[in-house]
Every structure is written in C-alpha cells, then in structure tokens.
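A look at the structure
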Amino acid sequence: MTLHYKNPNDWGRSPLTDRALRLEQFKAENPEQWAAMISADIEALSTPIFESLDYPPFTGTEFLATHSTIDDHPYSAAFGQFLGNGIDADIANILAFGSNRFDLISEDFHDPIRQLATRIYSRFEDMGYWDEVPESDDDINYDYIPY
C-alpha cells in the first residue's frame, strides 16, 4: 500500500510514516529545494570522514573501549578534562576536537554541567589549544587547564 500525503487516513499511523509523508509532501511542493537537499546529502556522503571537519574520526566510547589510556587521544588534555568533570565520553570527544556543541549536554543554559563544560572549553580556547596540535606534552601549559 502506497502512502499518499494528501490522504488524511495515512497520517497518524506512526512517527515513521508521518515523517515519510512530510518528506513526500515537501518533495511534491518544493522540487527545486528537494533536489538541492539531495545533492547536498550526496556531496556530504562522498566526503571521506577523515577529511570532514564536522565530526571526529572516532567516538569517545569507541576510543575508551580500544585504548587503555587517553594519552593516545590527539587532544588528550581536553578529552581528559571533559571526562574528568563528568561529561559523557561521546560529548567529551566532540568537545575535545574543538566543536562547541554544548547543546549536546543540555538545552538549559543554567545547567551546571553545561556551564562547567563552557568554562573548560573557553580556557582551552583562550590558550590556543586547537590552533595547532602540540608536538609534545611539554608544549602544553598546564597552568591554564581548569581542574
């Protein structure tokens, strides 16, 4: 049975069918925008993950499961600080790579964990942590890292 977005009997069956109907409705009413969305998706999928700056090459949970220490992490100081302050491993990993996605912690600006993560992130940003990957641990000024 095919779904028809104008048929009211097709709506409300499940969130998945409603999503499919919304997409069909958008595609039928906005063919140029639909074509632009599809071409943008194809372009995003054709970019190798390691060349993409949007996402880290691994998740925080994956990294912790495959490594016995966080010293092998490319941004180990930031990753360790976020982890040590109670932030979820996957969110800590995203923040450690320099993406300021505090909305992943909480939508509430007054959430103490979000505020703590913001302060830690700001301190790393102030010291130029993401401007250049340090050659060795000696290049990191640990006096600026909040504990």
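Predicted, not measured: the structure shown is a model, and the values here were computed from it. (Residues numbered from 1 in each chain as written. Predicted model: local features only at pLDDT ≥ 70, side-chain atom pairs only at ≥ 80, totals over all residues. Heavy atoms only, no water.)

1. Here's the deal with the packing of helix H4 (residues 76-84) against helix H6 (residues 112-126)
The contact between H4 and H6 brings their axes to 10 Å, and the two run at 165°. Regarding the angle of H4 to H6, the classification is roughly antiparallel. At the point where H4 passes H6, the crossing takes the right-handed sense. Facing Ala77, Ala78, Gln81 and Phe82 of H4, the residues of H6 in contact are Ala117, Ile120, Tyr121 and Phe124. For the contact of H4 with H6, a count of residues per class yields seven nonpolar, one polar and no charged. (Axes fitted to C-alpha atoms, helices over the stretch in contact; angles between N-to-C directions. Helix = DSSP H or I, 4+ residues; strand = E, 2+ residues; numbered from the N terminus. Parallel < 35°, antiparallel > 145°, perpendicular 65-115°, else oblique. Left-handed = near helix turned anticlockwise from the far one by under 90°. Contact = heavy atoms within 4.5 Å. Nonpolar A, V, L, I, M, F, W, Y, C, P; charged D, E, K, R; others polar.)

2. Points about the nonpolar core
Side chains that are nonpolar tend, in soluble globular proteins, to be buried together. Counting 19 residues, the largest nonpolar core has Ala78, Phe82, Ile87, Leu95, Phe124, Tyr129 and Trp130 as the members making the most contacts within it. Elements that contribute at least two residues to this core include exactly H4, helix H5 (89-96) and H6. (Core = buried A, V, L, I, M, F, W, Y, C linked by side-chain atoms within 4.5 Å. Buried < 20%, exposed > 50% of the residue type's maximum accessible area, 1.4 Å probe, protein only.)

3. Some thoughts on the packing of aromatic side chains
What characterises a pair of aromatic rings is the spacing of the ring centres plus the angle enclosed by the ring planes. Considering all chains together, one arrives at seven aromatic pairs under this definition. Ring geometry for Tyr75 and Phe97: centres 5.2 Å apart, planes at 75°, overall edge-to-face. Note that Tyr75 is positioned in the loop between helix H3 (60-66) and H4 and Phe97 in the loop between H5 and H6, a separation of 22 residues in sequence. Residue classification places Tyr75 among the buried positions, given a relative accessible area of 13%. By relative accessible area, which is 23% here, Phe97 ends up partly exposed. (Phe/Tyr/Trp six-rings, centres within 6.5 Å; stacked < 30°, edge-to-face > 60°.)

4. Side note on H6
The terminal C-alpha atoms of H6 lie 21 Å apart, and with 15 residues this matches the ideal 21 Å at 1.5 Å per residue to within 8%. When H6 is considered as a whole, its buried residues turn out to be Arg114, Ala117, Ile120, Tyr121 and Phe124. All buried residues of H6 project into a common sector of 125° when viewed along the axis, lining one side. Residues Pro112 and Asp126 are exposed on H6 and point more than 90 degrees away from its buried face. (Expected span 1.5 Å × (residues − 1). Arc of directions from axis to C-beta.)

5. Some points on the packing of H4 against H5
Their axes nearest at 8 Å, the elements H4 and H5 cross at an angle of 145°. The chirality of how H4 crosses H5 is right-handed. Between H4 and H5, the residues in contact are Ala78, Phe79, Phe82 and Leu83 and Ala89, Ala92, Asn93, Leu95 and Ala96, respectively.

6. As for the confidence of the model for the protein
When pLDDT is averaged along the protein, the result is 77, and 78% of the positions lie at 70 or above. Mean pLDDT across the elements of the protein ranges from a minimum in helix H1 (residues 15-29), with 78, to a maximum in H6, with 89. (pLDDT = per-residue confidence, 0-100.)

7. Description of the side chain of Ser106
Here Ser106 lies in the loop between H5 and H6. Of the residues examined, Ser106 reaches a relative accessible area of 15% and is grouped as buried. Here the side chain of Ser106 touches Asp108 through a polar contact of 3.0 Å, landing on its backbone nitrogen. Those residues in contact with Ser106 that lie beyond four places of it in its chain are Asp111 and Arg114. (Polar contact = N/O pair within 3.5 Å; in protein donor to acceptor, adjacent residues only side chain to side chain.)

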